[in-house]
Amino acid sequence: MRTRVKICGITRPQDAIAAAQAGADAIGLVFYPASPRAVEIDQAREIVTALPPFVTTVGLFVDAEEATVRQVLTALPLDILQFHGDESPEACRYYARPYIKALRMREEADVLGAAREYHDAAGLLLDTYQAGVPGGTGDRFDWRRVPAHLTTPVVLAGGLTPENVAEAVITARPYGVDVSGGVESQKGIKDAYKIRSFIAEVDRVGRE
């Protein structure tokens, strides 16, 4: 089965279009004000409107207030919610939408336990741990730590680039990969060539 690709941290319509044209399955919109890739609702609406059909839109939140999430959901037709903070399973389920729960891979991270706790999640996103940073570190973790035969789909993130994503997919065999900084020319600005190269490498592994 082909490994899915999500291009996260989209801040401009032209970057969303470039991702879709390159074959991305999903794009991520960051609603976390502390992030250099954060978007406002009007900005996100322009991005979503520019997308062609069949590209999944994912909204990323970090311990957001309920009112904040509700405001975004009222304004935008998001397909999936992605929670990157310390949200409980109940908090993730509250909005009755498909959700992905991020798990930062600190040494004691229990992926199997998280899969049981968030058993109804559409997927678990495994990201690099860095103290005080909820994601987007640009660093990788040891992909061999991803459990084999996990029933919950795994999305691999953290330090992925066009140069290493093939190795990551071969090592971890994830359902999907999630990239942001690895396909940028600067924070929040995507590089169309890097996006194409990244997706081409994922597809190449799938053909081998």
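For the structure itself, look to the data block above.
About the cut-offs
Residues numbered from 1 in each chain as written. Predicted model: local features only at pLDDT ≥ 70, side-chain atom pairs only at ≥ 80, totals over all residues. Heavy atoms only, no water. Axes fitted to C-alpha atoms, helices over the stretch in contact; angles between N-to-C directions. Helix = DSSP H or I, 4+ residues; strand = E, 2+ residues; numbered from the N terminus. Left-handed = near helix turned anticlockwise from the far one by under 90°. Contact = heavy atoms within 4.5 Å. Nonpolar A, V, L, I, M, F, W, Y, C, P; charged D, E, K, R; others polar. Salt bridge = Lys/Arg side-chain N within 4 Å of Asp/Glu carboxyl O. Buried < 20%, exposed > 50% of the residue type's maximum accessible area, 1.4 Å probe, protein only. Expected span 1.5 Å × (residues − 1). Polar contact = N/O pair within 3.5 Å; in protein donor to acceptor, adjacent residues only side chain to side chain. Pairing = 2+ DSSP bridges. Right-handed = clockwise from strand over helix to strand, strands pointing away.

A. Focus on the packing of helix α6 (residues 165-172) against helix α7 (residues 192-207). The N-to-C vectors of α6 and α7 enclose an angle of 35°; their axes lie 8 Å apart at closest approach. You can see that α6 and α7 cross each other, and the crossing is right-handed. Packed against α6, whose contacting residues are Val165, Ala166, Val169 and Ile170, the element α7 presents Phe198, Glu201, Val202, Arg204 and Val205 at the interface. The class makeup of the residues in the contact of α6 with α7 is 7 nonpolar, no polar and 2 charged.

B. Here's a closer look at the pattern of salt bridges. One pass over the structure, following the stated rule, counts 15 salt bridges. Across the salt bridge formed by Arg2 and Asp203, the nearest N and O atoms sit 3.0 Å from each other. With Arg2 in the segment before β1 (4-7) and Asp203 in helix α7, this residue pair connects regions lying 201 residues apart in the sequence. Since its relative accessible area comes to 31%, Arg2 is described here as partly exposed. Arg204 is paired through a salt bridge with Glu201; the nearest N and O atoms lie 2.9 Å apart. Taken together, the positions of Arg204 and Glu201, both in helix α7 and 3 residues apart, correspond to about one turn of that helix. Residue class for Arg204 comes out partly exposed when judged on its relative accessible area of 30%. Look at the salt bridges and you will find they share partners, linking Arg2, Asp25 and Asp203 into a network.

C. Examining α7 more closely. With 16 residues, α7 extends 23 Å between its outermost C-alpha atoms, agreeing within 8% with the 22 Å of an ideal straight helix rising 1.5 Å per residue. All of the buried residues along α7 are Ile195, Ser197, Phe198, Ile199, Val202 and Val205. Where α7 is buried, its residues meet β1, α1 (13-22), α6, β8 (176-179) and β10 (189-190). N-capping of α7 is provided by Asp191, with a side-chain oxygen placed 2.9 Å from the backbone N of Tyr193.

D. Spatial organisation of the sheet that holds strand β4 (residues 80-83). Sheet architecture is closed into a barrel: 8 strands sit in the order β1-β2-β3-β4-β5-β6-β7-β8, paired in parallel fashion. Shown here is a sheet whose adjacent strand axes are inclined to one another by a mean of 25°, direction ignored. Strand direction decides the pairing type here: strand β7 (residues 154-156) and β8, joined by 2 bridges, are parallel. Across the sheet, Val155 pairs through a bridge with Gly176, a residue of β8.

E. Molecular detail of the pairing of β8. Burial along β8 is two-sided: Gly176 and Asp178 facing one way and Val177 and Val179 facing the other are all buried. What joins β7 to β8 is α6, and the crossover it makes is right-handed.

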